[in-house]
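# Analysis of the macromolecular model
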2 protein chains.
Amino acid sequence: MKDVLIIGAGPAGLSAGVYCARKMLDTLLISGDIGGQAMLSWEIENYLGYQLISGVELVERFRDHLENFKVELKESCKVTSLVRTEESFTATTNKGDEFSGRAVIVASGKVPIRLGIPGEDKYRGRGVAYCATCDGPLFRDKEVAVIGGGNAGLGATLQLAQFARGVNLITEEQYLRGDEVRQNRVLALEAVDVFYSSRVTAINGNTFVESIDLMHDNEKRTLPAQGVFVEIGSKPSTSFLPVQVELNDGGEIIIDANNETNTPGLFAAGDVTNVSEKQIIIAAGEGAKASLSAYNWLLKQEYLRR
Amino acid sequence: MKDVLIIGAGPAGLSAGVYCARKMLDTLLISGDIGGQAMLSWEIENYLGYQLISGVELVERFRDHLENFKVELKESCKVTSLVRTEESFTATTNKGDEFSGRAVIVASGKVPIRLGIPGEDKYRGRGVAYCATCDGPLFRDKEVAVIGGGNAGLGATLQLAQFARGVNLITEEQYLRGDEVRQNRVLALEAVDVFYSSRVTAINGNTFVESIDLMHDNEKRTLPAQGVFVEIGSKPSTSFLPVQVELNDGGEIIIDANNETNTPGLFAAGDVTNVSEKQIIIAAGEGAKASLSAYNWLLKQEYLRR
């Protein structure tokens, strides 16, 4: 029986791990990967203390930091169910392993939202991608489309513009969202065309993607594209949670300012929660808060010996 | 007229500055110092991404980070009043300067709580100190007392044990608080004696401090001490705020999960708020959140041109 199970090892889960270790809690961190969505960030310049660093490098620092402490890590597995028993929680993984803990910190993050249009599934891995950092270099000197006008879409566009012959950035809105700095950089690039108020309706091809269909002012248009990067956001990973855990309309776990949920002993942090801004530094802070709240709760329940 | 005034340049204010800069907001950061309470931390091992760093060094990284962006900085001054006018806020400093902004982020942190006992004021700077990092080295081979059994008191004790002949750690509680890791390190030190359930009632001396009086089980005891480090916590710096800003019983600004206060356009972050854990990584995350909330508010009020 562990003191704390942490589910997810993005910035929130890793920061929670560091804080649990510092409180000498017997902790198990369960995750499919290390770094979560932070791994997909190409240039990070807003994590206080690092002026400019890639997601991959920053996650490496995080991992080194955690390895400095004695936190048990169960990698490459996914929690498929979490059950509340009388005095603890039991997590079951996709490999059939079971782990129990007095308290749980859910930091399972988000997964990319799919377009749900014809061709998306068929061409996944054959031109359709969800991570410009991972797959961008495959599209050197090709025509690519980026779908989504927020920070993720802008970042993907900037990155792809380094490789691709041309980038068509498509947004359903009349303007770009995301940081002004990024907007300006995108708009200054000759290789980039922005399509406002446009909806992608289909992805076409043979063996690989060849084009996409757009609707703009009730007019259909077809653009050539060998790569299609879907950057329209992500949804919280909460399917394993006990039904009593309260979620908001967006499916995010509702927490208070101290990361408590409506379920005693169950805390949450990072992108999976209703904290509206999804940022690495925010997730790291929230993970720390969740650990300290879990620690205080364990003390109050007298699960920890003094 | 600035878009945003940030009051305070601890981790919360600095992170807020970085985020405002990334949103290209016209921002002024007003502060007496850079780094705030983080400067007083001697060994930091829980800021995700840095395994072990001193407060002074970490703050240097923060300052470098901010200087990378164009954020105007007004150092070495203190906001003495903040007034809400119809469409903006005006901050007045102790030097008589006035600055106006559409939105304000209050990140003014906390100041140390005083014991309020005889001798404390008289011997301030003559043996009574509030920062072991700053003043510890002055007490080489002396007898010192640390008052307070939380993380601050434990940190001061560990630090002073490197210099002092002996350290008496005094707490009113029956046990130590603070991280278990630190507790164990303190308890393992031969040079340290811990006095539980003990209250300091007076600080005595001639030109400099010579001893302190303790009450334990209704018995008075006098301990020799050339240095007295007061580490019993701190209180929020809010005296300059307009009266309508809602505070909790501890005098902290009440914020919601998105760092809004009860006053439109006024946001808050870090140790000055009701977020219960006072940690550098948490303050950095909260500062980022406050900036993004301020940005969204400015957009909604149509104060920013697209």
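The rules behind these values
- Sequence order as written defines the numbering, with residues in each chain counted from 1.
- Chains and ligands are labelled by the order in which they are written, letters from A for the one and numbers from 1 for the other.
- Per-residue local features of the predicted model are confined to residues with pLDDT of at least 70, and side-chain atom pairs are confined, for both listing and counting, to 80 or more; whole-chain, interface and lining totals are unaffected and use all residues.
- As a rule here, side-chain values cover all heavy atoms of the structure and leave hydrogens and water aside.
- UniProt positions are given in the numbering used here, feature names are shortened, and annotations may be inferred rather than shown by experiment.
- In plain terms, two cysteine sulfur atoms within 2.5 Å form what is called a disulfide here.
- Here, nonpolar core refers to any group of buried Ala, Val, Leu, Ile, Met, Phe, Trp, Tyr and Cys residues whose side-chain atoms link them within 4.5 Å.
- Per-residue accessibility, obtained with a 1.4 Å probe over protein chains only, is compared with the maximum for each type, and a residue is labelled buried under 20%, exposed over 50%, and partly exposed between these values.
- Residue contacts are defined here by distance: any two heavy atoms, one from each residue, within 4.5 Å place the two residues in contact.
- Any carboxyl oxygen of Asp or Glu that lies within 4 Å of a side-chain nitrogen of Lys or Arg is treated as forming a salt bridge with it.
- For the purposes of this entry, the term helix denotes a DSSP run of H or I that reaches at least four residues, the term strand denotes a run of E that reaches at least two, and both are numbered from the N terminus.
- What gets called buried area is simply the loss in accessible area from a 1.4 Å probe that two parts show on being joined, summed for both.
- Any pair of N or O atoms that falls within 3.5 Å is considered a polar contact. Within protein, one atom must be able to donate a hydrogen and the other to accept it, and sequence-neighbouring residues count only if both atoms are side-chain atoms.
- Geometry is summarised by axes, namely lines fitted to C-alpha atoms with helices restricted to the contacting stretch, and by angles between N-to-C directions that run from 0 to 180 degrees.
- Orientation is classified from the angle alone, with under 35 degrees giving roughly parallel, over 145 giving roughly antiparallel, 65 to 115 giving roughly perpendicular, and any other angle giving oblique.
- Left-handed is the label given to a crossing in which the near helix is rotated counterclockwise from the far helix by less than a right angle, and right-handed is the label when the rotation is clockwise.
- Following the grouping adopted for this structure description, the nonpolar residues are Ala, Val, Leu, Ile, Met, Phe, Trp, Tyr, Cys and Pro, the charged ones are Asp, Glu, Lys and Arg, and the polar ones are all others, Gly among them.

Naming follows an unreviewed UniProt entry, where chain A appears as FAD/NAD(P)-binding domain-containing protein of Candidatus Solincola sediminis. In its Catalytic activity (unreviewed entry) section, the UniProt entry covering chain A states "[thioredoxin]-dithiol + NADP(+) = [thioredoxin]-disulfide + NADPH + H(+)".

## Regarding the state of the cysteines
What the rule picks out here adds up to zero disulfides over all chains. Cys77 of chain B takes part in no disulfide bond, and the closest cysteine sulfur, belonging to Cys20 of chain B, lies 18 Å away.

## Section: the nonpolar core
If you look at the biggest cluster of nonpolar residues, it comprises 128 residues, and the most contacted ones within it are Tyr47 and Ile281 of chain A together with Tyr47 and Ile281 of chain B. If we skip the residues at most four places from it in the chain, Ile281 of chain A touches Asn46, Tyr47 and Leu48 of chain A together with Tyr19, Tyr47, Ile281, Ala284, Gly285 and Ala288 of chain B.

## A few points about the pattern of salt bridges
Under the counting rule described, the total for this entry stands at 32 salt bridges over all chains. The partner of Lys110 of chain A in a salt bridge is Glu252 of chain A, with the nearest N and O atoms 3.3 Å apart. With a gap of 142 residues between them, Lys110 of chain A in strand E7 (residues 110-112) and Glu252 of chain A in the loop between strand E16 (234-236) and strand E17 (266-268) connect regions that are remote in the sequence. When its relative accessible area of 13% is taken as the criterion, Glu252 of chain A is described as buried. Between Glu143 of chain B and Arg165 of chain B there is a salt bridge, and its shortest N-O distance comes to 3.7 Å. Taken together, the residues Glu143 of chain B in strand E9 (residues 143-147) and Arg165 of chain B in the loop between helix H4 (151-161) and strand E10 (166-170) connect sequence positions 22 residues apart. Accessibility expressed as a relative area gives 18% for Glu143 of chain B, which makes it buried. On the accessibility criterion, Arg165 of chain B (53% relative accessible area) is exposed.

## Structural notes on the interface of chain A and chain B
With 47 residues of chain A at the interface, the matching set in chain B holds 47 residues. Taken over both partners, the interface formed by chain A and chain B buries close to 4,500 Å², and the fraction arising from carbon and sulfur atoms is 52%. Counting across the interface, chain A meets chain B through eight salt bridges. The residue Lys289 of chain B makes a salt bridge to Glu286 of chain A at a minimum N-O spacing of 3.1 Å. Put simply, chain A and chain B have 30 residue pairs in polar contact (both at pLDDT 80 or more) between them. If you tally residues by element for the side of chain A that touches chain B, the top one is helix H6 (residues 280-300) of chain A, at 10 residues.

## Examining the packing of helix H4 (residues 151-161) of chain A against helix H5 (residues 180-187) of chain A
All names here are of chain A. The contact between H4 and H5 brings their axes to 10 Å, and the two run at 40°. Comparing the axis directions of H4 and H5 gives the class oblique. Between H4 and H5 lies a crossing of left-handed hand. Along the contact surface, H4 presents Asn151, Leu154, Gly155, Thr157 and Leu158, while H5 presents Arg182, Gln183, Arg185 and Val186. The residue inventory of the contact of H4 with H5, partitioned by class, reads three nonpolar, four polar and two charged.

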